[in-house]
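Summary of the model geometry
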Amino acid sequence: CRAYRVRESQHADFRVHNHLEARRRRIDLLTSRETEVLTLVARGRSNQELADELFISPATAKTHVNRILSKLGLRDRVQLVIFAYETGLVQAGP
């Protein structure tokens, strides 16, 4: 039964790897500006902070965030942050 557990573990690792690879490929759906916005959202920026940092209006910042959510099939900013960390787009630290 140990061999079965090893195979199950390897299968689970494979599924996780495939899931992460699929998420990484979804980043390719984003424009460079959207990727920049996603990175800043993952670092905790509000729409107003995005606007100030990127020299855009808060409404444009909100539009970018909504388009990113739509393209990636995510529900909210929390899922954006998780997505960014899981795909390696951002890493914890200063």
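The preceding data block contains the structure.
Report on the accompanying structure. These figures come from a predicted structure and were not determined experimentally.

Regarding the nonpolar core
With 21 residues, the main nonpolar core has V37, L38, L50, V65, I68, L72 and L80 as its most contacted residues. Among the elements of the structure, α2 (32-42), α3 (47-54), α4 (58-72) and α5 (77-86) are those that each provide at least two residues to this core. If near-sequence neighbours (up to four positions away) are discounted, L80 is found in contact with L38, V41, V65, I68, L69, L72 and L74.

Observations concerning the pattern of salt bridges
A full pass over the atoms with the stated rule returns 4 salt bridges. One salt bridge in this structure joins E34 and K71, with 2.8 Å as the shortest N-O distance. In this pair, E34 sits in helix α2 while K71 sits in helix α4, placing the two residues 37 residues apart along the sequence. Between R75 and D76 there is a salt bridge whose closest N-O contact spans 3.6 Å. You can call R75 exposed: its relative accessible area is 63%. A residue is classified by how much of its surface remains accessible, and D76, at 27% relative accessible area, is partly exposed.

Rules and cut-offs
- Residues numbered from 1 in each chain as written.
- Predicted model: local features only at pLDDT ≥ 70, side-chain atom pairs only at ≥ 80, totals over all residues.
- Heavy atoms only, no water.
- Core = buried A, V, L, I, M, F, W, Y, C linked by side-chain atoms within 4.5 Å.
- Buried < 20%, exposed > 50% of the residue type's maximum accessible area, 1.4 Å probe, protein only.
- Helix = DSSP H or I, 4+ residues; strand = E, 2+ residues; numbered from the N terminus.
- Contact = heavy atoms within 4.5 Å.
- Salt bridge = Lys/Arg side-chain N within 4 Å of Asp/Glu carboxyl O.

Everything listed here is a matter of coordinates, which is why it stays silent on function.
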